[in-house]
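Letter by letter, the chains look like this.
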Amino acid sequence: MRLLVILVSYMLTWGLFSSFVPTSASAGINLWPKPTSLSWPHPQATFLSPTFSISSPNHPHLYPAVNRYLLQILTEHHQPLIDPAVNLSNSSPPLQILAIAVADLSAPLHHGVNETYSLFIPSAGHTANLTAQTVWGAMRGLETFFQLVWGDPSRVPVGLYLWDSPLFAHRGVMLDTSRNYYAVEDLLRTIGAMSANKLNVFHWHITDSHSFPLVLPSVPELAAKGSYGPNMQYSPVDVATIVQFGLEHGVRVIPEIDTPGHTGSWAEAYPDIVTCAGMFWWPAGSEWADRLASEPGTGHLNPLNPKTYEVLKNVIADTVTLFPEPFYHAGADEIIPGCWKADPTIKSFLSDNGTLSQLLENFVKSTLPYIVSLNRTVVYWEDILLDDNVKVDASVLLPEHTILQTWNNGPNNTKLIVSAGYRAIVSSSEFYYLDCGHGDFLGNDSQYNQPPTGGDTGNGGSWCGPFKTWQTIYNYDITYGLSQEEAKLVLGGEVALWSEQADPTVLDARIWPRASAMAETLWSGNRDETGRKRYAEAMDRLNEWRYRMVSRGIGAEPLQPLWCTRNPEFAEFLVLRSFLLCSLFPISNQESRRCLSKKAYHNPCEPNNSTK
């Protein structure tokens, strides 16, 4: 009898209760990254007029963006995996115009530029309004409007107001083009995908010990002899194309010329200024501490050779000319003592009571002021201050001219950097390294020769394994453990793809959609309005966004079987089962409320554990 009452009660209440089930079909319009604030009280839509147009101020970078988005809006006809449960309004005329207003047309694309925008699509009227403080905010708003359009014929929500602004000003992707070469079109495709995800910094790690692909007019021998070949170089024209493309997509291009370490490729053109070049990276029988490099590919610039600075200043001057970006990344990571000690002049310096840290300080004192004189802020990897063996005194690195990028020890090193008064860019390898988990590129490595019963060590032979999943990236809080004042010094973050085991064939899948996960957390955060982590809710949106990126020509990695999206009714079955269990067994009022809470049910392919 009790079961019958329960079933009748279930049938009577199902109409109300089913509205709590967040199935894909009722999820509305997908946006990525999630906006800061969105009001859409009555989910209605209207058609986009066949003569739809965009009006905007005249600006050399906004104008191409407007033309690009207009073409995409009129031709994409995106079909969501599940049709949005949106009613077509009978009273709303087709939307004819998106009118863009920009308060400041002169603001350059520099760090900290205002990217705020608002978007209003009225229920009645022919014109939607996009208002932004700067051109770059207008570009973010254009992307959002584009994501709101779907179907064939095209539809767009009405009665919608959206205000949006990023949490962090620096949101980037770092790509290494030295270990393997990427064609210009690969870089352009990556920058385009970054813009679609509202990422705004392309950190280009151009050179390393393995190759020097950048053609510099003052020192052309570096690329001529240090690249993988004439068809694997970036000419000044190539760089201009990439920089211009970045400007038209709201993406800064920051060059990194890593010195004094990671410079073995310089030795082909200038052997006198490079120590330990071409030597075996880990001499047989030696301890790890006595290695010449952390991986095959040896060579450090010699700080004691005056010619080093003649060549390097030409490199810096040419690079600054090619890249108008105010940040210059000077590297300074992984100074390996053994490489410098292999040089006779440095051996003599050390035997005369000199230290390796003094060598690095001499190098920084000879280069940092020169870079600053060219109106650049210098970015270094954290090693320059935090390395256990070779580092400089903080007095050499003035915080007003220096930014430190962290890659070790997660929030601990971020804390050390900002507590010392430096601005920080977070690229913690434990969370943001996209190359991790694919083993290593060394062939003769005994760690892979384990007995069949030995099992996996957990890192798959990768020093930074395991693979960094999108959930790992999404749930990372880059200001964790910091005071409010310290958190203000965190400029943002970058995911990083080092290319020992990556090239154009895997580029898209290694970056996307994992970089999308970081993009949302740095734009609008990873928590809902109650402070709970929202990765379960993000799953459906990210999955949908991944499919849309693929339709745009980005080979993003799949996240789930398509079945998960196509079977939302499975979630309703879970609701019925849970409702019956909650009713059959005596539980507390609090537990009962959870049983009937919409927060208790998620995508059928997700566990119910997203409330931390």
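Above this text you will find the structure in question.
Only a predicted model underlies this, so the values are computations on that prediction, with no experimental measurement involved.

A few words on the overall build of the protein. Counting its secondary structure elements, the protein contains 21 helices and 18 strands. Relative to its 612 residues, the protein shows a buried fraction of 54%. Summarising the internal contacts of the protein: among those between residues at least 6 apart in sequence, 78% fall at separations of at least 24. If you sum the accessible surface of the protein, you get close to 25,500 Å²; carbon and sulfur atoms cover 55% of it.

This next bit is on a nonpolar patch on the surface. Together, F120, Y161 and W163 give the surface a local cluster of nonpolar side chains, amounting to about 290 Å² of exposed area. You can see F120 is positioned in strand β5 (residues 117-121). In this structure F120 comes out as partly exposed when scored by relative accessible area, which is 37%.

To continue, consider the pairing of strand β18 (residues 490-497). With respect to burial, β18 is a largely interior element, eight of its eight residues being buried. Of the pairings in the sheet, the one linking strand β9 (residues 170-176) to β18 comprises six bridges and is parallel in character. Following the sheet pairing, G172 is matched in β18 by E494.

With that out of the way, let us pick up the pattern of salt bridges. Tallying each qualifying case throughout the model produces 19 salt bridges. Residue K488 is joined to E485 by a salt bridge in which the shortest nitrogen-to-oxygen separation is 3.0 Å. The burial state of K488 is the same as that of E485; both residues are exposed. The salt bridge involving R541 is made with E537; its shortest N-O contact spans 2.6 Å. Note that R541 and E537 are positioned in helix α18 (residues 535-551) at a spacing of four residues, about one turn of the helix. Look at R541 and you get buried, because its relative accessible area is 10%.

So, on to empty space enclosed by the protein. On inspection of all chains with the given rule, the structure shows two cavities of 30 Å³ or more. Quantified by volume, the largest cavity comes out at close to 40 Å³. The wall of the largest cavity is formed by I257, T259, L312, I316, Y328, A330, F363, T367, I371 and Y380. Contributing elements (two or more residues each) for the lining of the largest cavity: β11 (252-259), α7 (306-322), β14 (327-331) and α10 (356-373). When the residues that make up the lining of the largest cavity are grouped by side-chain class, the tally is eight nonpolar, two polar and no charged.

Overall, the coordinates contain two disulfides when judged by the stated rule. Across the disulfide, C276 is cross-linked to C339 (sulfur-sulfur distance 2.0 Å). When the S-S torsion is -95 degrees, as for the bridge of C276 with C339, the disulfide is left-handed. Of this pair, C276 sits in the loop between β12 (274-275) and β13 (300-301) while C339 sits in helix α8 (residues 337-341), and the two are 63 residues apart along the sequence.

What follows concerns α7. A rise of 1.5 Å per residue sets the reference length of α7, with its 17 residues, at 24 Å; its end C-alpha atoms lie 25 Å apart and thus fit the reference within 8%. Where α7 is concerned, the buried positions are T308, Y309, V311, L312, V315, I316, D318, T319, V320 and L322. Of the surrounding secondary structure, the elements contacted by the buried residues of α7 are α5 (221-226), α6 (236-248), β11, β13, β14 and α10. Sitting at the amino-terminal end of α7 is N305, which places a side-chain oxygen 2.9 Å from the backbone nitrogen of K307.

A word on the packing of aromatic side chains. A complete count under the given rule lists 20 aromatic pairs for this structure. Here Y69 and F146 contribute two aromatic rings whose centre-to-centre distance is 6.0 Å and whose plane-to-plane angle is 70 degrees, an arrangement assigned as edge-to-face. Here Y69 is found in helix α2 (residues 62-75), whereas its partner F146 is found in helix α3 (residues 135-148), with 77 residues between them in sequence. Take Y69: its relative accessible area is 3%, and that puts it in the buried class. Residue F146 is classed as buried on the basis of its relative accessible area of 2%. Three or more aromatic residues joined by ring pairs make a cluster, and in this case those are Y181, F202, W204, Y234 and F323. The ring of F146 carries R548 above its face, with NZ or CZ at 5.3 Å from the centroid.

Direction vectors running N to C along helix α4 (residues 184-196) and α6 enclose 15 degrees, while the axes themselves pass 10 Å from each other. The orientation of α4 with respect to α6, classified from their angle, is roughly parallel. Handedness of the crossing formed by α4 with α6: right-handed. Between α4 and α6, the contacting residues are V184, L187, L188, I191 and G192 on the first element and D238, T241, I242, F245 and G246 on the second. Residues belonging to the contact of α4 with α6 are distributed by class as follows: six nonpolar, three polar and one charged.

For the rest of this paragraph, the subject is α6. When the terminal C-alpha atoms of α6 are compared, their 18 Å separation across 13 residues agrees well with the 18 Å that a helix rising 1.5 Å per residue should span. Among the residues of α6, V239, I242, V243, G246 and E248 are the ones counted as buried. Of the surrounding elements, those touching the buried residues of α6 are α2, α3, α4, β10 (201-207), β11 and α7. After α6 finishes, the residue G250 shows a positive phi value of roughly 70 degrees.

Glancing now at the sheet that holds strand β17 (residues 423-426). As summarised here, the arrangement of the eight strands in space is β9-β10-β11-β14-β15-β16-β17-β18, forming a closed barrel in which the pairing is parallel. Each strand of the sheet is rotated relative to its neighbour by a mean of 30 degrees, with strand direction disregarded. As paired elements, strand β16 (residues 402-406) and β17 share four bridges and run parallel to each other. In the sheet register, Q405 faces β17, and the bridge partner there is I425. This element, α7, spans β11 and β14 of the sheet and lies at about 175 degrees to β11.

The subject of this paragraph is the environment of V102. Topologically, V102 is positioned in strand β4 (residues 95-104). Linking V102 and L130, residues 28 residues apart in sequence, is a C-alpha distance of 8.6 Å. Discounting residues that sit within four places of it in the chain, V102 has contacts with P57, L62, A132, Q133, T134, V135 and A138.

Calculation rules
- Residues numbered from 1 in each chain as written.
- Predicted model: local features only at pLDDT ≥ 70, side-chain atom pairs only at ≥ 80, totals over all residues.
- Heavy atoms only, no water.
- Helix = DSSP H or I, 4+ residues; strand = E, 2+ residues; numbered from the N terminus.
- Buried < 20%, exposed > 50% of the residue type's maximum accessible area, 1.4 Å probe, protein only.
- Contact = heavy atoms within 4.5 Å.
- Areas by Shrake-Rupley, 256 points an atom, 1.4 Å probe, with all protein chains shown as cover.
- Patch = residues over 30% accessible without salt bridge, like charges linked within 9 Å, V, L, I, M, F, W, Y side chains within 5 Å.
- Salt bridge = Lys/Arg side-chain N within 4 Å of Asp/Glu carboxyl O.
- Pairing = 2+ DSSP bridges.
- 1 Å grid on protein atoms, 1.4 Å probe; cavity = no way out; pocket = protein on both sides within 12 Å on 5 of 7 lines; lining within 4 Å.
- Points joined across faces, edges and corners; volume = space filled by probe spheres on them.
- Nonpolar A, V, L, I, M, F, W, Y, C, P; charged D, E, K, R; others polar.
- Disulfide = S-S within 2.5 Å.
- Expected span 1.5 Å × (residues − 1).
- Polar contact = N/O pair within 3.5 Å; in protein donor to acceptor, adjacent residues only side chain to side chain.
- Phe/Tyr/Trp six-rings, centres within 6.5 Å; stacked < 30°, edge-to-face > 60°.
- Lys NZ or Arg CZ within 6 Å of the ring centre and 35° of its normal.
- Axes fitted to C-alpha atoms, helices over the stretch in contact; angles between N-to-C directions.
- Parallel < 35°, antiparallel > 145°, perpendicular 65-115°, else oblique.
- Left-handed = near helix turned anticlockwise from the far one by under 90°.

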